[in-house]
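These are the residues of each chain, in order.
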Amino acid sequence: MRNHPILALLLTGSLAFGADYYVAPNGSDSNPGTLERPFASITAARAALRKTTPEAGKDSVVYLRGGVYRLAEKITFDQEDSGKPSAKNIFRNFGEEKPVLSGGVAVTGWVIHDPVRNIYKANVGTNLFRQVYINGEMAPRSRYPKGTPVAGPFLRMVNGDGRNQRIAIKASEWKPVAAVANLQALEIVYLLHWTEFRAKIASVNEAGNTVWLNLATPDPKVFFCKPDKWFPNEPYCFENALGFVTEDGEWFHDATTGWLYLKVPKDRDLKKMMVEIPRLSTLIEIAGTPEHPVHDLEFQGLGLELSNWIRPSERGLPATQFVQPYDIGKNRSFDNLDWPQGIIKAQHATRLGIRHCLIRNTGATGIQFWQDVDDSDIEGNEICWNAANGIEIDAEVTRNPRPDQQSENVAIWNNHIHHCGQNYSNGGALLAHFVKGLRFDHNEIHDLPYGGIQVGDQPPRKDVLNLGCTDNQIRYNHIYRVMQLHDDSGAIYTLGGAQKGTHIFENYLHDIRRSRWAGGYYVSAVYLDNFTQGVTVEHNVIENCDRHTPYGPFNGSKHDTFINNDGHDSKVKTNAGIQKGYDPRKEGSAK
């Protein structure tokens, strides 16, 4: 890692301290960017800031006035947007106002389609999207049987046939689908333990009481990478058919004609409803290079919402835990949009700060440090209602990564992360691959269909232990109501290899119950999996969990230390979660 000083990064509320430029939805880019005559766009303010020579010891600040900023394209920050350790470049809200950066567009031009069922339609074009939002809330994609991707209910498969890449279901369950669905748009979704698979259907063969569904995917074998014995009686459902639009709020997009169909409640006036669809994969991109990293750049008090991720519509999605596509393998790159995208996405940066932002309604992930983001802070954000993950660190995923790949000394604290995995149900709050020196303290995590935190990536062979994933601290977090759908994870989960110096300490973990849709693998509060070694699990409070031993090493994990995790220390419970005034960058701050 590069040797940069670690500084305390303070969120200042003073408008007189280093305030340089202002942006407002009703501004103009021909303005000088003053409070009285603000810019209209962040890109104009960014260009002006690049020409600014900061005063010694004073931050340069771009203040965003309240309102919605609909972005036509992502905003990219590079080394030209760097500040200095003593004079940072900051993009933040003005006072208590709430600026919102949106990657979506409003849907207009509605006409009645079915007056009996009160279904309207609007032509939004053939560009793909996978979410619709009504007044800021995610609307249910049309589904059979009725339910949600997180809670079900689901149907049960009869069998799987990996040799011929097909799935068997009951003919009685296919009949109502065949009556209303168009195969070209229909998706089947099936769950196997910790995995979620989504695919279109190429053809159908009926055989008595059984129907075989032949999947339409670029690489069918990936969708059958698990043994056939895993398939019988496992959950599945169908999505995306106009005939499934039977309940208020449900929608269907016909990508061949461009029509978006929406069932509107009888007592609601569509003209008074804000209906939006996402268009951009990423809103803010921080893209340095190993030689010229972006540094001393911060984003504070912003709202970011409505990002898009269309790979599941284009190729299907065979996803292992935390929505990692099986078929990408080593072909992961910063520009590969087949990987779940972050609404904020960064690589090759140091002393980056993301503070007190509201990040919600994303098409995939919230904050994504792709690779090589050092000495950086994620503090005090609310990250919620994401289709995939809340935060991902080091998606590059190289065992024993080089210094120009690995993120080191990232601190994540006082964040409220909830309702992730809302479309891709094996998403979670934090996925940290092969990181070093991670601090994950005093966060509150809840209401997830899969796990809360994963540190480490796919397990190595038994004789390959050192992966460069070391000295990570997971402390003082409050995690509850996770594992609401899948099995084989937990509130805190480590996956594979020696993780020397990793400490799981004084977390309060509770109300972790096995779902009726889960398989038979472990559901645990603390779960050290697949040859994990060198981890200390100490003085955590674990309550109201299904498993009689709610923590432990499983599947070859060894040489881990467990100390006093059977108590109910009220001080641990009170201290866990968001704690005002705590700062891991300051010695002696409150815990």
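Please read all numbers here as calculations on a predicted model, not as lab measurements.

Student: I tried to follow the overall build of the protein chain on my own but got confused; where do I start?
Tutor: Each helix and strand in the protein chain was counted, giving 4 helices and 49 strands. Here the C-alpha radius of gyration of the protein chain, 24 Å, is about what a compact globule of 591 residues would show, namely 25 Å. Considering only C-alpha atoms, the protein chain reaches an extent of 80 × 60 × 45 Å along its principal axes. The buried share among the 591 residues of the protein chain stands at 61%. Taking the contacts inside the protein chain whose residues are at least 6 apart along the sequence as the reference set, 78% of them involve residues at least 24 apart. In the form shown here, the protein chain has an accessible surface area of approximately 22200 Å², with 49% of it arising from carbon and sulfur atoms. For the protein chain, the separation between the mean place of its 63 positive charges and that of its 68 negative charges on side chains is 3 Å.

Student: What should I look at first to understand the nonpolar core in this one?
Tutor: Within the largest apolar cluster, 103 residues are counted, with the highest numbers of intra-cluster contacts made by Tyr190, Phe238, Ile286, Leu304 and Phe369. Of the residues forming this core, the biggest block, 6 residues, is contributed by strand β28 (residues 342–355). In this structure Tyr190 touches Met157, Ile167, Thr195, Glu196, Phe197, Leu215, Phe223, Phe231, Pro235 and Tyr236, once residues within four positions along its chain are discounted. By size, the runner-up hydrophobic cluster in this structure holds 16 residues, among which are Trp110, Val124, Val264 and Ile277.

Student: Got a minute to help me understand the packing of aromatic side chains in this structure?
Tutor: Each aromatic ring pair is summarised here by two numbers: the centre-to-centre distance and the angle between the ring planes. In total, this model carries 31 aromatic pairs according to the counting rule given. For the pair Trp194 and Trp230, a centre-to-centre distance of 5.5 Å together with 80° between the ring planes defines the contact as edge-to-face. On the criterion of sequence distance, the pair formed by Trp194 in the loop between β16 (187–192) and β17 (195–207) and Trp230 in the loop between β18 (210–216) and β19 (235–239) is long-range, its members being 36 residues apart. Exposure class is identical for Trp194 and Trp230. Each is buried. Between Phe322 and Tyr450, the aromatic rings sit 5.5 Å apart at their centres with planes inclined by 70°, giving edge-to-face as the arrangement. Taken as a pair, Phe322 in the loop between β26 (317–320) and β27 (324–325) and Tyr450 in the loop between β38 (444–446) and β39 (453–455) lie far apart in primary sequence, 128 residues in all. Residue Phe322 is classed as buried on the basis of its relative accessible area, which comes to 1%. A network of ring pairs unites the aromatic residues Tyr190, Phe197, Phe223, Phe224, Phe231 and Tyr326 as a single cluster. When the ring centre of Trp259 is taken as reference, the NZ or CZ atom of Lys121 above it lies at 4.3 Å. Arg166 extends its terminal NZ or CZ atom over the ring of Trp212, reaching a point 3.9 Å from the ring centre.

Student: Just checking my understanding: could you explain the sheet that holds strand β10 (residues 133–134) for this structure?
Tutor: The strands making up a sheet are joined through hydrogen bonds of the backbone, oriented either antiparallel or parallel. Pairing is antiparallel across the open sheet formed by 4 strands, whose spatial order is β7-β22-β10-β11. Sheet topology places β7 (104–106) and β11 (137–138) at the edges, where each strand pairs with a single neighbour. Of the pairings in the sheet, the one linking β10 to strand β22 (residues 275–278) comprises 2 bridges and is antiparallel in character. Looking across to β22, one finds that Tyr133 is bridged to Glu276.

Student: Looking at this structure, how should I read the side chain of Asn308?
Tutor: Of note, Asn308 is situated in the loop between β25 (303–305) and α3 (311–315). For Asn308, a relative accessible area of 4% gives the class buried. Within the structure, the side chain of Asn308 is placed 3.0 Å from the backbone oxygen of Leu128, a separation counted as a polar contact. For Asn308, the contacting residues outside a window of four places in its chain are Leu128, Phe129, Arg130, Gln131, Pro278, Arg279, Leu280, Ser281 and Gly363.

Student: Would you mind showing me how to read the sheet that holds strand β21 (residues 259–263) here?
Tutor: Sheet architecture is open: 4 strands sit in the order β8-β9-β21-β20, paired in antiparallel fashion. In the strand order of this sheet, the two ends are held by β8 (111–114) and β20 (251–253), each with one partner. Geometrically, the sheet is characterised by an average inter-axis angle of 30° between neighbouring strands, direction not taken into account. Relative to β21, β20 runs antiparallel, the two sharing 3 bridges. Bridging across to β21, His253 finds its partner in Leu260.

Student: Explain the environment of Ala319 to me, please; I cannot follow it from the model alone.
Tutor: Mapped onto the elements of the fold, Ala319 is located in strand β26. In contact with Ala319, other than residues within four places in its own chain, are Thr195, Glu196, Gln324, Pro325, Tyr326 and Asn426.

Student: Even after reading the chapter, I still don't get helix α2 (residues 171–178), so can you show me in this structure?
Tutor: In an α-helix, one turn spans 3.6 residues, which is why side chains three or four residues apart end up on the same side. Every buried residue of α2 is listed here: Glu173, Trp174 and Val177. Seen along its axis, α2 keeps its buried residues to an arc of 95°; they face one direction. Within α2, the exposed residues directed more than 90 degrees away from the buried face are Ser172 and Lys175. Among the structural elements, β12 (143–144), β13 (155–156), β15 (166–170), β17, β18 and β19 are those in contact with the buried residues of α2.

Student: Can you walk me through the environment of Leu183 in this structure?
Tutor: Within the fold, Leu183 resides in the loop between α2 and β16. With 33 residues separating them in the primary sequence, Leu183 and Ala216 have C-alpha atoms 9.9 Å apart. The residues contacting Leu183, other than those within four sequence positions of it, are Trp174, Ile201, Ala202 and Val204.

Student: I'm lost on the pairing of strand β30 (residues 365–374) in this one. Help?
Tutor: The two faces of the sheet receive side chains in turn, since in a regular strand these alternate between them. Counted residue by residue, β30 has 10 buried out of 10 residues, so it is predominantly covered. Two strands pair when backbone bridges link them, and β28 and β30 are joined in this way by 7 bridges, in the parallel orientation. Directly across from Ile344, in β30, lies its bridge partner Ile367. Of the pairings in the sheet, the one linking β30 to strand β33 (residues 391–393) comprises 3 bridges and is parallel in character. Opposite Phe369, over in β33, you have Ile393 as the bridge partner.

Student: Where do I start with the state of the cysteines in this structure?
Tutor: Two cysteines, two sulfur atoms, one covalent bond between them: this is a disulfide. This model, assessed by the stated rule, comprises 0 disulfides. Residue Cys384 stays outside any disulfide, its sulfur separated by 8.0 Å from that of Cys420, the closest cysteine.

Student: What should I look at first to understand the side chain of Glu379 in this one?
Tutor: Here Glu379 shows up in strand β31 (residues 377–379). Among the polar contacts made by the side chain of Glu379, one reaches the side chain of Arg355 at a distance of 2.6 Å. Setting aside chain neighbours within four positions, we find Glu379 in contact with Ile354, Arg355, His356, Trp413 and Asn415.

Student: How should I be thinking about unusual backbone geometry in this particular structure?
Tutor: Across the chain, the bulk of peptide bonds are trans and the bulk of non-glycine residues have phi less than zero. The omega angle of the peptide bond from Tyr144 to Pro145 is 0°, so this bond is cis rather than trans. The omega torsion of the bond from Gly152 to Pro153 falls at 5°, within 30 degrees of zero and hence cis. Relative to the helices and strands, Pro153 resides in the loop between β12 and β13. For Val323, which is not glycine, the phi torsion reads 55° and is therefore positive.

Thresholds applied
- Residues numbered from 1 in each chain as written.
- Predicted model: local features only at pLDDT ≥ 70, side-chain atom pairs only at ≥ 80, totals over all residues.
- Heavy atoms only, no water.
- Helix = DSSP H or I, 4+ residues; strand = E, 2+ residues; numbered from the N terminus.
- Rg over C-alpha atoms; globule rule 2.2 N^0.38 Å.
- Buried < 20%, exposed > 50% of the residue type's maximum accessible area, 1.4 Å probe, protein only.
- Contact = heavy atoms within 4.5 Å.
- Areas by Shrake-Rupley, 256 points an atom, 1.4 Å probe, with all protein chains shown as cover.
- Lys, Arg positive; Asp, Glu negative; His and termini not counted.
- Charge placed at Lys NZ, Arg CZ, Asp CG, Glu CD.
- Core = buried A, V, L, I, M, F, W, Y, C linked by side-chain atoms within 4.5 Å.
- Phe/Tyr/Trp six-rings, centres within 6.5 Å; stacked < 30°, edge-to-face > 60°.
- Lys NZ or Arg CZ within 6 Å of the ring centre and 35° of its normal.
- Pairing = 2+ DSSP bridges.
- Polar contact = N/O pair within 3.5 Å; in protein donor to acceptor, adjacent residues only side chain to side chain.
- Axes fitted to C-alpha atoms, helices over the stretch in contact; angles between N-to-C directions.
- Arc of directions from axis to C-beta.
- Disulfide = S-S within 2.5 Å.

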